[in-house]
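Chain by chain, the residues run as shown.
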Amino acid sequence: MSSNTIIATRESRLALWQAEHVRDVLTARFGLAVELLGMTTKGDQILDRALSKVGGKGLFVKELETALEEGRAHLAVHSLKDVPMDLPPGFALAAIWEREDPRDAWVSNQYENLDALPQGACVGTSSLRRVVQLLAHRPDLKIEPLRGNLDTRLRKLDEGGYDAIVLAAAGLKRLGLGARIRSLFDTALMIPAAGQGALGIEIREDDARLRELLAQTIHQPTFLACHAERAVSRSLGGSCSMPLAAFGHWNDGVLTIDAALGHSTELTRPLIKVRVSGTPTDEASARALGEHAAALLRQAGAGDYLPAC
């Protein structure tokens, strides 16, 4: 490993905060000299269409992986929920760090929560997962696309384009914008996305020294929960056009996975929901728990809900 360790990162304010956080921890803990390589991804550039229509969440990581592959960077820092369920050959998810608040946040300048909205109100989100769960509770709502970085989304709300928007609480809190959160969704009403709130660190698979170093930074409860959540999605196809929620939470050493699937095109169809619990101790057993949840979803009719790929 060279004397300088280089982190590839997107250039949004949130992505830079995350990369700087990782830089500071690696410097303080291991004495590494760390630089940031800021990059703009296709996911940042294409803002007029939903991710599900232009290639999925992988659009946020491809350029960063190219920098790793070419040796211009040693690691990439991602919001884990943006990382595709299967990495390309030659790459590895070396560490998952402790979660921020995994919940979805209700942001509105007028209305306290979802129930306070008038009939037919407009809510902004481009997440199919959020759309199907919002409509399950309030089928009268008008859901409109909302793309752009966090500041752009908040500006669009403030300009009057929406009555409310739904964002990940973690991003708002990391950027000191917690005051914009009007209320937080209970995870029973709005199940989070797989990996939501967690940071994932990606490296080249053959970088054994960096992998060994980063292994010391893994937050094991988050690591196991996220691998279980991601296994639910992977087992069902892992598509960005699949309205799937999967969230793991610990209680007295038991990990419970709640998962919900909506129809890929008929967004007001009833959600399919399952819950499984187990005591995983490593990545393999965590994945097995998530695969069990996916199998139960299939038994409950998921095959009729999944997009044709």
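Above this note sits the structure.
Since we're looking at a predicted model, the values are computed, not measured.

## Thoughts on the pairing of strand 11 (residues 244–251)
- Bridge analysis of strand 11 against strand 12 (residues 254–261) gives eight bridges, and the strand direction is antiparallel. The partner of Trp250 across the bridge, within strand 12, is Leu255.
- The loop that links strand 11 with its antiparallel partner strand 12 comprises two residues; one of these, Asp252, has a positive phi angle of about 55 degrees.

## As for the pairing of strand 3 (residues 75–79)
- For strand 3, the tally of buried residues reaches five of five residues, placing the bulk of the element in the interior.
- Both faces of strand 3 are covered, namely the face carrying Leu75, Val77 and Ser79 and the face carrying Ala76 and His78.
- Judged from the two bridges that link them, strand 1 (residues 4–10) and strand 3 form a sheet pairing that is parallel. Pairing of Ala8 across the sheet is with Ala76, part of strand 3.
- Where strand 3 lies against strand 10 (residues 199–204), five bridges are found, and the strand directions are antiparallel. By the bridge assignment for strand 10, His78 is matched with Gly200.

## Structural notes on the sheet that holds strand 12
- Spatial strand order, 11-12-13: three strands in an open sheet with antiparallel pairing. Two strands bound the open sheet, and with one partner strand each, they are strand 11 and strand 13 (272–278). Sheet twist, expressed as the mean angle between neighbouring strand axes with direction ignored, is 15 degrees.
- Two strands pair when backbone bridges link them, and strand 12 and strand 13 are joined in this way by seven bridges, in the antiparallel orientation. Opposite Ile257, over in strand 13, you have Val276 as the bridge partner.

## Description of unusual backbone geometry
- Its identity as a non-glycine residue notwithstanding, Asp252 has a phi of 55 degrees, on the positive side.
- Within the secondary structure layout, Asp252 lies in the loop between strand 11 and strand 12.

## Let's talk about the sheet that holds strand 2 (residues 33–39)
- As summarised here, the arrangement of the five strands in space is 2-1-3-10-4, forming an open sheet in which the pairing is mixed. Pairing within the sheet leaves two strands with one partner each, and these edge strands are strand 2 and strand 4 (91–97). Looking at each pair of strands side by side, their axes are set apart by 30 degrees on average, direction ignored.

## Digging into helix 5 (residues 128–137)
- Counting buried positions over the 10 residues of helix 5 gives eight, a clear majority of the element.
- What helix 5 keeps buried is the set Leu128, Arg129, Arg130, Val131, Val132, Gln133, Leu134 and Leu135.

## Quick notes on the packing of aromatic side chains
- This structure, assessed with the given rule, holds one aromatic pair.
- Look at Trp106 and Phe185: their rings are 6.0 Å apart centre to centre, the planes differ by 80 degrees, and that puts the pair in the edge-to-face class. Of this pair, Trp106 sits in strand 5 (residues 104–107) while Phe185 sits in the loop between strand 9 (183–184) and strand 10, and the two are 79 residues apart along the sequence.
- A relative accessible area of 5% places Phe185 in the buried class.

## Considering helix 8 (residues 208–215)
- The set of residues buried in helix 8 consists of Leu210, Leu213 and Leu214. Across the axial projection of helix 8, the buried residues extend over an arc of 95 degrees, all falling on one side. Residues of helix 8 that are exposed and point over 90 degrees away from its buried face: Ala208 and Glu212.

## Describing the environment of Pro270
- Counting through the fold element by element, Pro270 comes out in the loop between strand 12 and strand 13.
- Take Pro270: its relative accessible area is 58%, and that puts it in the exposed class.
- Pro270 sits 78 residues away from Pro192 along the chain, and the two C-alpha atoms are 18 Å apart.
- Leaving out residues up to four positions away in the same chain, Pro270 has contacts with Leu261 and Tyr305.

## Considering the environment of Asp104
- With respect to the helices and strands, Asp104 occurs in strand 5.
- You can call Asp104 buried: its relative accessible area is 0%.
- Residues Asp104 and Leu150, 46 residues apart in the sequence, show an inter-C-alpha distance of 14 Å.
- Beyond its immediate chain neighbours, meaning those up to four positions away, Asp104 contacts Arg129, Arg130, Val166, Leu167, Ala168, Ala169, Leu184, Phe185, Met190, Ile191, Pro192 and Gln196.
- Separated by 2.7 Å, the side chains of Asp104 and Arg130 make a polar contact.

Quick notes on the rules
- Residues numbered from 1 in each chain as written.
- Predicted model: local features only at pLDDT ≥ 70, side-chain atom pairs only at ≥ 80, totals over all residues.
- Heavy atoms only, no water.
- Pairing = 2+ DSSP bridges.
- Helix = DSSP H or I, 4+ residues; strand = E, 2+ residues; numbered from the N terminus.
- Buried < 20%, exposed > 50% of the residue type's maximum accessible area, 1.4 Å probe, protein only.
- Axes fitted to C-alpha atoms, helices over the stretch in contact; angles between N-to-C directions.
- Phe/Tyr/Trp six-rings, centres within 6.5 Å; stacked < 30°, edge-to-face > 60°.
- Arc of directions from axis to C-beta.
- Contact = heavy atoms within 4.5 Å.
- Polar contact = N/O pair within 3.5 Å; in protein donor to acceptor, adjacent residues only side chain to side chain.

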